[in-house]
Amino acid sequence: MNLAKFRPSARLWPVLASLGVLILLYAGGCLLFENFGSLRVLINLFGDNAFLGVAAVGATFVILSGGIDLSVGAVVAFTGVLIASLIGHGQPPLLAIGLALGFGAGFGALMGALIHLYALPPFLVTLGGMFLARGLAFVVHPESLSIDHPFYGEFISQTLSVPVSRRLAIPFTAFALIAVVLAGAALARWSRFGRNVLALGSSESSARLMGVPIGSTKILVYTLGGFLSALGGVVATFYMQSGNPASFVGLELDAIAAAVIGGTLLRGGVGYIPGTLVGVLILGLIQTLVIFQGTLNSWWTRIAVGGLLFVFIVLQQLTARRRVG
Amino acid sequence: MSAPILVCRGLTKRFPGVVALDGVDFCARGGEVHALMGENGAGKSTLIKALTGVHPRDAGQAEVDGRPVHPRSPREAEAAGISTVYQEVNLIPDLSVAENICLGRQRTRLGFIRWGDARTRARAALARLGLELDVERTLSECSIAVQQLVAIARATDIDARVLILDEPTSSLDAGEVAQLFAVVRRLRDQGLAIVFVSHFLDQVYALADRITVLRNGRLVGEFPVAELPRLQLVAHMMGRSVDEVEALRHRERPAAAPGEPLLSTRGLTRRHAVLPLDLELRRGEVLGLGGLLGSGRTEVARLLFGLDRADAGETRLEGRPVSFHSPADAMRAGLALTPEDRKTQAILPNLTVRENLVVALQARRGLWKQIPRAEQDRLVADFTRALGIKTSGPEQLIRNLSGGNQQKVILARWLATEPRLLILDEPTRGIDVGAQADIERLLAKLRDEGLAIVFICADTAELSRNSQRIAVLRDHAKVAELTGSDVNEQAVMRAIARETAA
Ligand SMILES: Nc1ncnc2c1ncn2[C@@H]1O[C@H](COP(=O)(O)OP(=O)(O)OP(=O)(O)O)[C@@H](O)[C@H]1O
Ligand SMILES: [Mg+2]
């Protein structure tokens with residue numbers, strides 16, 4: 001790209017603004033707290049938020065298509081318990097992971113098909129999906145189940161992590177996050193499917209008249225959402241080394257918040273996958289700041305996120321309103 | 001006679017309450033432009049949509065080059081060789097111009113879209129229409145005219161056997177129409193069959209080789225252009241005799257009764273939109289706003305109505321200074337505006353005809369004073385009759401009305417508020433000749449009742465026919481004001497062209 005010619009379109013402003021907020025938060029943390037600027041904090045920021053990031057990329061695609069996916073948290077939890085339970089029953093980890101991913105994709109496809117074939121509102125269908133997946137998670141195993149397997153203990157957390165010093169390594173999950181964001185960004189920007197998703201989200205009736213395959217695009221986008229939720233669940237098992245049917249309640253809302261803060265319009269049609277990563281990192285940084293501060297109640301994280309959301313929604317509205325006569 | 005390419009037999013389409021298409025035969029030949037004519041709601045768009053798989057048909061067959069085609073979606077129609085520009089702009093507002101032209105047909109390398117190629121193709125397709133613009137601009141930032149051209153560029157960018165254009169020129173100015181016609185003629189000479197729908201008779205007679213007339217969903221007949229005089233065409237469309245149509249046509253132009261000034265502006269300015277503007281609007285007078293597309297006519301309307309805020313200058317209503325911060329302010333003062341872009345700015349697609357009609361009046365009365373249902377029904381009945389709105393009933397969803405009839409409902413919405421000042425931005429766009437005459441007559445009546453009217457219209461003949469005074473805009477500034485005997489087509493054209501030529 002020719003940098004001299006680079007003039008951000010109005011649509012890019014929210015993303016640049018959130019990037020600015022991210023940098024400000026980080027710089028502020030470095031000024032306020034000793035050690036905040038250390039490499040460890042940075043690495044943990046990526047590693048700790050990897051599962052959210054992966055799931056949020058999926059949620060962003062669904063939002064871009066003009067829909068919404070409320071089943072994210074439940075699918076993440078279900079995947080975790082399923083993997084833990086399968087491994088607990090002596091199945092090989094790779095098979096467990098494969099089954100979990102297959103389940104996620106299939107579950108998404110099912111919701112997408114319902115939404116398309118019966119013209120149902122995505123909000124309700126995925127709400128049903130949320131209850132279903134959450135319930136199924138408790139059927140698989142009613143409480144937290146830790147994963148005890150060399151594949152998890154050594155391979156994932158040691159062999160696959162990249163040491164940067166004697167006591168510090170970049171975890172595999174951080175790489176998984178980066179890889180998913182890059183792949184998602186490429187899919188949104190450079191594939192026909194990605195462009196069809198944006199067209200669908202911007203104007204479904206026009207997209208139909210322009211020959212966009214509405215049905216398959218819709219079903220595929222929920223399939224992708226379900227798959228990435230499941231992948232987020234897999235990444236979460238790497239990170240937690242366990243599965244818990246009661247975990248990740250409300251994760252879908254974090255994912256939606258991350259997408260919106262990252263410049264994606266909730267009405268669909270406009271947004272950027274890398275923006276979602278920025279959103280996830282902002283959520284993570286706020287949490288880190290609250291932890292570093294030490295005396296604040298952890299609910300302050302929520303309050304800060306809420307405030308930030310308000311600011312960004314207003315910002316989006318202002319840039320969207322700009323009209324050229 | 002050249003060989004038929006597109007042949008339809010017995011096409012039938014029923015919607016709840018209407019038979020929109022009743023056993024229609026239609027045939028488009030290679031190397032010919034075939035105009036499809038009919039009043040608003042006659043079934044032209046439905047014929048096109050039943051053909052291209054937007055609506056499943058209830059009966060009938062279609063063939064392209066002798067092969068039966070039965071597309072279930074516009075995508076399949078395209079694959080069968082039918083490329084279509086549907087009525088109203090149907091593009092993706094949030095994507096770039098280039099992408100709107102190439103969506104679904106992007107060339108890829110290893111699965112990756114080649115954006116450079118898409119931009120080049122888009123530029124080339126637009127250049128064929130004589131248009132040069134930044135193809136990376138977001139579509140929604142472009143004017144309606146440009147959007148319409150983009151839609152046409154998209155349709156002509158593929159190899160097709162049949163090109164269907166449903167009212168493609170409704171937002172274009174004369175120069176753009178000429179460019180489009182050059183492209184259409186070239187495609188015709190390459191052997192394509194072209195189907196053209198328009199309510200502009202001049203354009204139809206300039207372009208078409210053959211005309212098919214529909215009325216109330218039925219085929220009236222197919223005629224070579226040379227054998228169908230205009231009057232006869234209109235008579236066929238309206239289902240009346242030539243004499244009756246002739247009688248309708250000759251109505252004397254009422255003399256203007258000059259009234260007192262209602263609203264006046266001095267030095268009204270908005271950056272990048274309107275240069276200091278002095279205007280005076282009088283009761284009982286139609287002020288025409290002329291000028292090319294992009295000359296600032298719509299911007300003036302938006303400014304007067306409080307949709308945009310002025311940077312400088314003053315507005316006086318009956319001599320008292322006013323400033324409208326929002327359309328609500330303007331409405332309270334008795335102003336009304338029918339916007340140019342009805343699809344995105346006026347229609348509430350999921351509401352009924354009745355709801356669309358009363359919404360402005362309801363807003364004016366205040367949201368808590370619900371208009372009694374009986375009064376609503378009376379309003380709907382009155383206006384459907386006065387404007388000849390064709391619906392299956394007041395509870396029909398407005399999005400299921402034909403394009404021209406939607407336009408009439410929007411007009412009725414504002415007339416129902418009984419405004420003192422009515423601003424009409426291209427009110428007759430997409431309206432058939434009969435209804436156009438009705439609307440012109442209605443305007444004259446309202447004017448004689450003492451309304452001040454601002455009439456924006458790209459068609460200079462229509463503009464001078466209906467205005468008592470014409471302000472001509474160029475490059476966002478008023479360059480001339482015509483009164484009295486100067487209110488004629490030539491004078492308007494001269495005023496538009498004067499400084500452009502210099
Ligand atoms: N989706 C729909 N549902 C119900 N009725 C419809 C639908 N689409 C069209 N109609 C009805 O079918 C009839 C024909 O409409 P159509 O849009 O084909 O008219 P048209 O000839 O294109 O008119 P115009 O010149 O105003 O565009 C109208 O009475 C219209 O109300
Ligand atoms: Mg039509």
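Because the structure is predicted, anything quoted here is derived from the model rather than measured.

## Considerations on the overall build of chain A
Part 1 of the argument: Across its full length, chain A holds 14 helices and four strands.
Part 2 of the argument: With respect to the three principal axes, the spread of C-alpha positions in chain A is 60 × 50 × 40 Å.
Part 3 of the argument: Residues counted as buried form 52% of the 325 residues belonging to chain A.
Part 4 of the argument: Of all intrachain contacts in chain A linking residues separated by at least 6 positions in sequence, the fraction that spans at least 24 positions is 78%.
Part 5 of the argument: Working note: accessible area of chain A is about 14,700 Å², and carbon and sulfur atoms make up 69% of it.
Part 6 of the argument: Between the averaged position of the 17 positive side-chain charges in chain A and that of its 9 negative side-chain charges there is a distance of 22 Å.

## Side note on the overall build of chain B
Part 1 of the argument: In terms of regular secondary structure, chain B is built from 18 helices and 22 strands.
Part 2 of the argument: In terms of overall dimensions, chain B is globule-like: its C-alpha atoms have a radius of gyration of 23 Å, near the 23 Å expected for 502 residues.
Part 3 of the argument: Taking the contacts inside chain B whose residues are at least 6 apart along the sequence as the reference set, 66% of them involve residues at least 24 apart.
Part 4 of the argument: With an accessible surface of roughly 21,100 Å², chain B has 51% of that area assigned to carbon and sulfur atoms.
Part 5 of the argument: Each charge sign in chain B was given a centre, from 67 positive and 64 negative side chains, and these centres are 3 Å apart.

## A closer look at the pairing of strand β14 (residues 274-282) of chain B
All names here are of chain B.
Part 1 of the argument: As defined by bridge partners, strand β13 (residues 261-270) adjoins β14 across six bridges and the pair is classed as antiparallel. Bridged to Leu268 within β14 is Leu277.
Part 2 of the argument: Counted between consecutive antiparallel strands, the loop separating β13 from β14 contains three residues, among which His272 sits at a positive phi close to 65°.

## Looking at the domain arrangement of chain B
All names here are of chain B.
Part 1 of the argument: Partitioning chain B into structural domains gives domain 1 (4-228), domain 2 (259-334 + 419-502) and domain 3 (340-418).
Part 2 of the argument: Summarising the inter-unit geometry, the C-alpha centres of domain 1 and domain 2 are found 33 Å apart.
Part 3 of the argument: Both faces considered, domain 1 and domain 2 share a buried interface measuring about 840 Å² in area, 55% of it formed by carbon and sulfur atoms.
Part 4 of the argument: Looking at the side of domain 1 facing domain 2, the largest losses of area belong to Asn40, Asp173 and His199, adding up to 45% of the total buried there.
Part 5 of the argument: At the surface where domain 1 touches domain 2, the tally comes to four residue pairs in polar contact (both at pLDDT 80 or more).
Part 6 of the argument: In the side of domain 1 that touches domain 2, the residues fall into three nonpolar, five polar and four charged.

## Quick word on the coordination of the magnesium ion (ligand 2)
Residues and elements named next belong to chain B.
Part 1 of the argument: Within the protein, the atoms that donate to the magnesium ion (ligand 2) are Ser45 (OG) and Gln87 (OE1), at distances of 2.0 to 2.1 Å. Of this pair, Ser45 sits in helix α1 (residues 44-51) while Gln87 sits in the loop between β6 (82-85) and α3 (97-102); the two residues are 42 residues apart in sequence, bridging distant segments of the chain. Accessibility classification places Ser45 together with Gln87 in one group, the buried group.

## Points about unusual backbone geometry
Residue and element names in this part refer to chain B.
Part 1 of the argument: With a phi angle near 50°, Leu110 is a residue other than glycine that sits in the positive phi range.
Part 2 of the argument: Inspection of the secondary structure assignment puts Leu110 in the loop between β7 (108-109) and β8 (112-113).
Part 3 of the argument: Assessed through its relative accessible area of 81%, Leu110 is described here as exposed.
Part 4 of the argument: Phi at Glu426 takes a positive value of approximately 50°, unusual for a residue other than glycine.
Part 5 of the argument: In this fold, Glu426 is placed in the loop between β19 (421-425) and α16 (433-448).

## Quick word on the confidence of the model for chain A
Part 1 of the argument: Across chain A, the average pLDDT comes to 91, with 95% of residues at or above 70.
Part 2 of the argument: Note on residues 1-6 of chain A: pLDDT under 50 across the span, and two contacts to partners over four residues away in sequence or across chains.

## A short note on the interface of chain B and chain A
Part 1 of the argument: Every contact between the two is made by 32 residues of chain B and, on the other side, 29 residues of chain A.
Part 2 of the argument: Here chain B and chain A share two salt bridges between them.
Part 3 of the argument: A salt bridge links Arg195(A) to Glu99(B), with the shortest nitrogen-to-oxygen separation between them at 2.4 Å.
Part 4 of the argument: Of the residues contributing to the side of chain B that touches chain A, the split by class is eleven nonpolar, nine polar and twelve charged.

## Some words on the environment of Glu449(B)
Residue and element names in this part refer to chain B.
Part 1 of the argument: Relative to the helices and strands, Glu449 is located in the loop between α16 and β20 (452-456).
Part 2 of the argument: Given the relative accessible area of 54%, Glu449 is considered exposed.
Part 3 of the argument: It is 37 Å that separates the C-alpha atoms of Glu449 and Pro229, two residues lying 220 residues apart in sequence.

## Examining the site of ligand 1
Residues and elements named next belong to chain B.
Part 1 of the argument: For ligand 1, the set of nearby residues contains 19 residues, the closest of which are Lys44, Ser45, Thr46, Ser402 and Gly404.
Part 2 of the argument: Protein burial of ligand 1: of its 640 Å² of free accessible surface, 91% is covered by the chains.
Part 3 of the argument: Elements with a minimum of two residues in the shell around ligand 1: α1 and α15 (403-415).
Part 4 of the argument: Among the elements that make up the shell around ligand 1, the one with the highest residue count is α1 (three residues).
Part 5 of the argument: Of the residues that constitute the shell around ligand 1, the class distribution is four nonpolar, twelve polar and three charged.
Part 6 of the argument: Two domains share the shell around ligand 1, each providing at least three of its residues, namely domain 1 (4-228) and domain 3 (340-418).

## What about the state of the cysteines?
A covalent bond between the sulfur atoms of two cysteines is what we call a disulfide.
All names here are of chain B.
Part 1 of the argument: Taken as a whole and judged by the stated rule, the model has zero disulfides over all chains.
Part 2 of the argument: Looking at the unpaired Cys8, the closest cysteine sulfur is the one in Cys27, lying at 8.4 Å.
Part 3 of the argument: Judged by its relative accessible area of 2%, Cys8 is buried.

## What to know about helix α1 (residues 13-32) of chain A
Residue and element names in this part refer to chain A.
Part 1 of the argument: The first and last C-alpha atoms of α1 sit 28 Å apart over 20 residues, in line with the 28 Å expected at 1.5 Å per residue.
Part 2 of the argument: The complete set of buried residues in α1 reads Pro14, Val15, Ser18, Leu22 and Gly29. Relative to the axis of α1, the buried residues are bounded by an arc of 105° and lie together on one face. Relative to its buried face, α1 has exposed residues pointing more than 90 degrees away, namely Ile23, Leu24 and Leu31.

## Quick word on the sheet that holds strand β2 (residues 18-29) of chain B
Residues and elements named next belong to chain B.
Part 1 of the argument: Reading across the sheet, the four strands line up as β2-β1-β4-β5 and stay open at both edges, with antiparallel pairing between neighbours. If you trace the sheet from one side to the other, it starts and ends with β2 and β5 (67-68), each paired once.
Part 2 of the argument: Taken together, the five bridges between strand β1 (residues 4-15) and strand β4 (residues 59-64) define a ladder with antiparallel strand orientation. Across the sheet, the residue bridging to Leu6 is Val64, located in β4.

## Considering empty space enclosed by the protein
Sizing a probe to match a water molecule and rolling it over the atoms shows the empty space that remains.
Part 1 of the argument: Counted under the stated rule, the structure contains six cavities of 30 Å³ or more.
Part 2 of the argument: One number sums up the size of the largest cavity: a volume of about 190 Å³.
Part 3 of the argument: Around the largest cavity, the lining comprises 16 residues; the ones closest to its centre are Leu209(A), Thr84(B), Val85(B), Tyr86(B) and Arg154(B).
Part 4 of the argument: Residue assignment for the lining of the largest cavity shows that the elements contributing at least two residues are α2 (74-79), β6 and α5 (144-155) of chain B.

## What to know about the side chain of Asp425(B)
All names here are of chain B.
Part 1 of the argument: The topology assignment puts Asp425 in strand β19.
Part 2 of the argument: For the buried residue Asp425, which engages in no salt bridge, the nearest side chain bearing the opposite charge is Arg429, 6.0 Å off.
Part 3 of the argument: A distance of 3.0 Å separates a polar atom in the side chain of Asp425 from a polar atom in the side chain of Thr298.
Part 4 of the argument: Contacts of Asp425, omitting those with residues within four sequence positions, involve Thr298, Thr338, Pro339, Glu340 and Ile456.

## Section: the pairing of strand β16 (residues 312-317) of chain B
All names here are of chain B.
Part 1 of the argument: Two strands pair when backbone bridges link them, and β13 and β16 are joined in this way by five bridges, in the antiparallel orientation. Bridging across to β16, Ser264 finds its partner in Arg316.
Part 2 of the argument: Hairpin connection, β16 to strand β17 (residues 320-322): the antiparallel pair is bridged by two residues, and Glu318 has positive phi, about 50°.

Criteria and thresholds
- The residue count restarts for each chain, going from 1 along the sequence in the order it is written.
- The naming scheme follows written order: chains are lettered A onward, ligands numbered 1 onward.
- Only residues with pLDDT of 70 or above have their local features reported here, since the model is predicted, and side-chain atom pairs are shown and tallied only from 80 upward, although totals for entire chains, interfaces and linings are computed over all residues.
- Neither water nor hydrogens contribute to the side-chain values; these are computed over all heavy atoms in the structure.
- In DSSP terms, a helix is any run of H or I states spanning at least four residues, a strand is any run of E spanning at least two, and both are numbered starting from the N terminus.
- For every residue, the accessible area obtained with a 1.4 Å probe (protein chains only) is divided by the maximum for its type, and the residue is called buried under 20%, exposed over 50%, and partly exposed between those limits.
- The contact criterion used throughout is that any non-hydrogen atoms of two residues lie within 4.5 Å.
- Residue burial considers only the protein chains on display, and all accessible areas are found by Shrake-Rupley using a 1.4 Å probe.
- Under this rule, positive means Lys or Arg and negative means Asp or Glu; His and the chain ends count for nothing.
- The atom standing in for a charge is NZ when the residue is Lys, CZ when it is Arg, CG when it is Asp and CD when it is Glu.
- Taken over C-alpha atoms, the radius of gyration is set against a globule rule of 2.2 Å times the number of residues to the power 0.38.
- In short, DSSP must find at least two bridges between two strands for them to pair.
- Where each domain starts and ends comes from a domain assignment, either automatic or drawn from a database.
- Buried area is a sum: the accessible area each of two parts loses on coming together, probed at 1.4 Å, counted once for each and added.
- Within 3.5 Å is the distance limit for a polar contact, defined as a pair of N or O atoms, with the added protein rule that one can donate a hydrogen and the other accept it, and that residues adjacent in sequence qualify only through two side-chain atoms.
- Charged means Asp, Glu, Lys or Arg here, nonpolar means Ala, Val, Leu, Ile, Met, Phe, Trp, Tyr, Cys or Pro, and polar covers whatever is left, Gly included.
- As a rule, N, O and S atoms within 2.8 Å of a metal are its donors, except that Na, K and Ca use 3.2 Å; water is not among the atoms, so sites may look incomplete.
- Each residue carries a pLDDT value, the predictor's own confidence for that position, ranging from 0 to 100.
- Here, a salt bridge means any side-chain nitrogen of Lys or Arg that lies within 4 Å of a carboxyl oxygen of Asp or Glu.
- Whether a residue is near a molecule or strand depends on its heavy atoms: it is near if one of them lies within 4 Å of it.
- The definition used for a disulfide is geometric: two cysteine sulfur atoms within 2.5 Å.
- Here the expected span of a helix is defined as 1.5 Å times the quantity of residues minus one.
- Picture the helix axis, draw a direction to every C-beta atom, and the arc is the one those directions span.
- Using a 1 Å grid laid over the protein atoms alone, points where a 1.4 Å probe fits but cannot get out form a cavity; open sets with protein on both sides within 12 Å along at least 5 of 7 lines form a pocket; any residue with an atom within 4 Å of a point counts as lining.
- Grid points are joined across faces, edges and corners, and a volume is the space filled by probe spheres set on the points.

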